[in-house]
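# Examining the three-dimensional arrangement
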Amino acid sequence: MMKGALLTENTNASPTQTTSEAAFERELAGERAYVGQLYQRLDQLREATESKLRSTRKNQSVGNHQNRSERDAYASFYEDRLAQYNAVDHRLAFGRLDMDDDAVRYVGRIGLATEEHERLLIDWRAPEAGTFYQATAFNRQGVRRRRHLMLERREVTGFEDDVLDSAMLDDEDASLHGEGALLAALNRKRTGRMGDIVATIQAEQDAIIRADLAGVRVVQGGPGTGKTAVALHRAAYLLYTFRERLNNSGVLVVGPSSSFMWYIERVLPSLGETGVVMSSLATLYPGLRAVPETDPAVARVKGDLRMAEVIKKAVADRQKVPATSVRLAVDSMDITLSPKLVKHARATARSTGKPHNEARETFVKVLLKELTRQLNEKLDAAAGHAVDRPYLEEDVRNSLDVRRAINLAWMPLSAETLVRSLFSKPEYLASATQGILTDAERQVLVRSADQPFTESDVPLLDEAAELLGDFSKITGAAAAQRAEAAHQANLENARKALENANQQLEDIGVDGVITAEQIAELNEETGERMTAARAAKSDRTWAYGHVVIDEAQELSAMQWRLLMRRCPMKSFTVVGDIAQASSAAAASSWAQALKPFVGERFHLDELTVNYRTPAQISDAAVSVARAAGLEISAPRAIREGNWSPSTRVVGAENLIPSVVATVSEEVAQTGGGLIGVIVADSRYREVASAISTAHRDNTGTSKSALEHQILVLTPWEAKGLEFDVVIIVEPMDLIEAANGSVGDLYVSMTRPTQRLHLIAGTDLPAGL
C-alpha cells in the first residue's frame with residue numbers, strides 16, 4: 001500500500017497568519033516534499049536507463065548476428081523507456097486519493113516504485129486509479145478526498161480538494177448539513193476558470209455522468225444547474241471507462257466561444273493529453289478561425305438545412321456542359337469537343353458516386369479517351385491507313401486548348417473557393433438557390449469576396465468539402481509524383497549498394513537480412529508522428545468516438561449536420577437549456593433540433609436544481625423572461641443569497657461613470673472575486689476603455705486571457721461562464737441587439753453567484 005505524503009511543520013508562520021493559512025502551507029510543503037521524492041526516483045531511473053543504453057550501443061558491433069539482433073532489441077527498449085521518462089517530466093503527478101482505510105494513493109502519468117518495489121505513483125491507466133475519475137460524492141467508492149495537484153515545472157504550486165466525505169469538512173463547513181459541501185463550493189470566489197466541483201455532483205447529475213456511451217443523451221437544465229460540470233465529468237468518465245474504444249478515435253468537446261473553451265480547459269483530468277479535442281463553433285473547420293455572425297437574418301438562412309441543397313447545387317453547377325461545340329488544336333490538327341461528349345463524360349463521372357475533385361479523374365479520362373480516338377481517326381484518314389500511336393493521348397493531354405476546355409467544364413475546387421464565389425458572384429448564387437430560397441433570402445447572402453468567413457459559414461464549408469472531396473489529391477499530384485520518383489531513385493541506389501557489398505555480407509552470414517527497401521526508408525524523411533488528438537483536429541474527416549456539446553441550444557440545423565458527420569456512431573452528450581437560445585437559427589425544442597438526424601432516438605434528462613444562482617437573482621431573471629412572454633422552466637434555487645439585485649436608472653450622461661464607480665466598489669468589496677461586466681456590442685469599446693483606464697492592470701476581455709479580476713464581455717462571450725458579481729450595462733441594449741428577444745439578458749442575469757447590478761441610462765426592461 002502506498003505511503004501517505006510527508007507532512008512538515010511550518011515553523012516560520014507569522015503571528016498574524018490564520019490557522020487555515022498555516023494548515024494550507026503545511027499541506028503544500030508536504031506535497032512538495034513527496035513530489036520531490038517522485039522526481040528524484042524518476043531521475044534515478046532515467047540515469048540508469050541512459051547508462052544501460054550507452055553500454056548496449058557500445059557493444060553492438062561485437063559478436064554474431066543473433067547477438068547483435070538481441071542488443072538492437074534492448075537498445076530499442078531502452079530508447080523507448082528513456083523517451084517515456086523524458087515525456088512525463090512535466091506534471092509527473094497530478095492527483096492524490098485519500099481512502100476510507102487511511103491509504104493514500106498518488107496518481108500520475110506513469111507508475112513509479114522504489115527499488116524495494118514499494119509503489120510511489122500509480123499510472124492513471126491502472127485499475128486502482130479508476131476511482132480518481134469515477135468517484136463522486138454520491139458514489140464515493142471508498143474515496144474520502146480527491147486532490148488535484150498543480151505543478152509548475154517540477155514544483156507543486158497549489159492544490160484543489162474535492163471533499164467527497166462530509167466528515168472531512170472543517171467545523172465551519174460541517175455545520176452545513178446535506179448540501180454542505182456543495183454550498184461551501186458555491187460560496188468560494190470564482191477564479192476565472194471553472195473549479196473541479198466533483199464534490200458537488202448530486203444524484204441526478206451522477207446518473208447522467210455514468211450513463212452508457214452509446215446513443216444521444218440530452219441534458220436539459222436551466223441556469224446554474226451544473227450542466228457544464230456534468231458534461232465535462234461525463235467526458236472524463238467515458239474517456240477512462242471506455243479508454244480502449246476512445247483512445248484512437250478520441251472525444252470532441254464543443255463550446256460556444258473561445259473564451260468558454262479557455263475557461264474549461266483545466267477541468268478534464270490529464271489522460272495522456274491525447275484523447276480530447278476542444279473546439280469552439282468558430283474552429284470546427286480545420287485551419288480556420290471564423291468570426292462571429294453579426295446579422296441574425298444571415299445566420300437564420302445559413303443555418304437552415306436547405307443550405308445543404310444549395311451547396312450541392314453549387315457544386316453541380318461547376319460541372320458544366322458547353323452550349324455549342326468547341327474546336328481544339330492538338331499540334332497541327334483540330335478536333336471537336338461537343339456538348340454531347342461532355343455530357344456523356346459528366347454522367348460517367350457522376351455515376352462513380354465520388355466527390356467532385358475525385359470524380360474529375362474519371363471525367364478527364366473519358367474525355368481524353370474520346371478526343372484521342374477522334375484525333376487518331378483523323379490522322380489515319382490523312383495517312384490512308386491505320387497507325388499505332390501510343391503517344392497520342394499524352395499529346396492530347398498536353399494541348400493547351402484541351403486543358404483549358406477540361407478546366408472550364410470541370411475545374412478542381414477547394415471548399416473555400418466555392419463558398420466565397422457562391423456569395424460574391426450573383427450568377428452563381430441565383431443558380432444555386434433557384435427553387436430553394438426566396439428572393440429575399442437570396443439577397444441577404446450576397447457579400448464581397450474579401451469578407452472573412454463567419455461561424456455560419458463553417459458548416460457550409462464543411463458541406464462543400466464533403467461534396468468536393470480532397471483538393472490536395474488534385475493539386476498535390478505533381479508533388480506526389482516527385483516524391484515517388486525520389487523514392488525509386490533511393491531504392492535503386494540501395495540495390496546497387498547491396499550488390500557491391502554482396503560478397504562481404506555472405507562472408508559474415510547476413511546476406512538477405514537487410515533489404516533495399518529498408519535502406520531506402522532509412523534515408524527518407526518521415527512525417528511527424530502525431531497524437532490522436534492532434535491528428536483529429538487537423539483532419540476534417542476524422543470520426544470521433546464521442547462528442548460533447550455545451551450550450552447546444554444555440555446550434556443551427558447546419559451545425560448539427562456538421563457535428564453528426566463528425567461522429568457517425570451518433571454517440572453524443574448534448575447539454576443546454578432550450579429556453580436560453582438566442583441564435584436566430586436555433587431550434588425551439590430538442591425534438592425539432594434532433595429529428596432530422598436521429599428521429600426520436602435520443603434520451604432526455606432534466607436537471608431541476610439551481611446550484612449557482614441565489615434565489616433573489618434567479619427570480620428576477622425569470623420575471624424578466626416571463627414578462628416578455630418567454631416560456632421557461634425555473635429550476636429550484638437551493639440558497640437565498642445575501643443580496644437582492646440592484647437596478648438603477650442613472651441617465652444617459654451618467655451611464656459610463658456609474659458603471660466604472662460600481663466596478664470600483666465591487667473591487668474593494670469582493671477582495672479578489674471575479675467581476676463580469678456584460679455589455680452589448682454597440683457600447684463594448686466605450687465601456688471596456690473606461691474600465692480599463694480605471695483598472696488597467698486588473699481588466700481582461702475575451703481577446704486576452706481570463707487571468708483578470710474584471711472581465712468585459714458581450715452576452716455571447718459570457719455564455720457558460722460564472723462570476724461572483726455581474727454588472728449589466730444598459731439592459732435594453734441587449735434586447736435590441738437580439739431583435740427584441742430577452743434571451744441574452746436572461747442568460748446574462750443568471751451568471752452571478754453573489755451579486756447582480758443592472759445599470760440603465762434611460763429605461764429598464766419589463767419585469768424589473
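Computed from a predicted structure; not experimentally measured.

### Some thoughts on the overall build of the protein chain
- Helix and strand content of the protein chain: 32 helices and 22 strands.
- Burial status across the protein chain gives 49% buried among its 768 residues.
- Within the protein chain, contacts between residues separated by at least 24 positions form 73% of all contacts whose residues are at least 6 apart in sequence.

### Concerning the side chain of S618
- Residue placement: S618 occurs in helix α27 (residues 615–627).
- On the basis of relative accessible area, S618 is assigned to the buried category, the value being 8%.
- Residues within four places of S618 in sequence aside, it is in contact with N610 and T613.

### Digging into the packing of helix α25 (residues 557–566) against helix α26 (residues 590–598)
- Remark: α25 packs on α26, axes separated minimally by 10 Å, with the N-to-C direction vectors making an angle of 45°. By the angle class used here, α25 and α26 are oblique. α26 is crossed by α25, and the crossing has right-handed handedness. Of α26, the residues touching α25 (which contributes A557, W560, R561 and M564) are W590, A593, L594, F597 and V598.

### Quick look at the packing of aromatic side chains
- Applying the stated rule across the entire model yields three aromatic pairs.
- The interplanar angle of 15° and the centroid separation of 4.2 Å between the aromatic rings of Y34 and Y106 together place this pair among those described as stacked. One end of the pair, Y34, is in helix α1 (residues 19–58); the other, Y106, is in strand β2 (residues 104–108), with 72 residues separating them in the sequence. Accessibility assignment for this pair places Y34 and Y106 in one class, buried.
- Centroid distance F363 to W410: 4.9 Å. Interplanar angle 35°. Geometry classified as tilted.

### Side note on the UniProt feature "binding site: ATP" (unreviewed entry) in the protein chain
- Under the UniProt annotation, "binding site: ATP" (unreviewed entry) lies at G221, G222, P223, G224, T225, G226, K227 and T228.
- Its location among the elements puts G224 in the loop between β7 (216–221) and α7 (227–241).
- By relative accessible area, G224 is classed as buried at 6%.
- The contacts of G224, once residues within four sequence positions are left out, are V609, N610, Y611 and R612.

### Here's the deal with the sheet that holds strand β1 (residues 93–99)
- Strand order in the open sheet formed by six strands is β3-β4-β2-β1-β5-β6, with mixed pairing between adjacent strands. Only two strands of the sheet have a single partner each, and these edge strands are β3 (112–113) and β6 (155–163).

### Regarding the nonpolar core
- M307, I549, W560, L563, F572 and V574 are the most contacted members of the largest nonpolar core, which has 57 residues in total.
- Beyond its immediate chain neighbours, meaning those up to four positions away, F572 contacts G215, V216, R217, H546, V547, I549, L563, M564 and C567.
- By size, the runner-up hydrophobic cluster in this structure holds 24 residues, among which are L713, L734, Y746 and L758.

### Quick notes on unusual backbone geometry
- One non-glycine residue, D331, adopts positive backbone phi at about 55°.
- You will see that E551, though not glycine, has its phi angle at about 55°, which is positive.
- A relative accessible area of 7% places E551 in the buried class.

Definitions and cut-offs
Residues numbered from 1 in each chain as written. Predicted model: local features only at pLDDT ≥ 70, side-chain atom pairs only at ≥ 80, totals over all residues. Heavy atoms only, no water. Helix = DSSP H or I, 4+ residues; strand = E, 2+ residues; numbered from the N terminus. Buried < 20%, exposed > 50% of the residue type's maximum accessible area, 1.4 Å probe, protein only. Contact = heavy atoms within 4.5 Å. Axes fitted to C-alpha atoms, helices over the stretch in contact; angles between N-to-C directions. Parallel < 35°, antiparallel > 145°, perpendicular 65-115°, else oblique. Left-handed = near helix turned anticlockwise from the far one by under 90°. Phe/Tyr/Trp six-rings, centres within 6.5 Å; stacked < 30°, edge-to-face > 60°. UniProt positions renumbered as here; feature names shortened; annotations may be inferred. Pairing = 2+ DSSP bridges. Core = buried A, V, L, I, M, F, W, Y, C linked by side-chain atoms within 4.5 Å.

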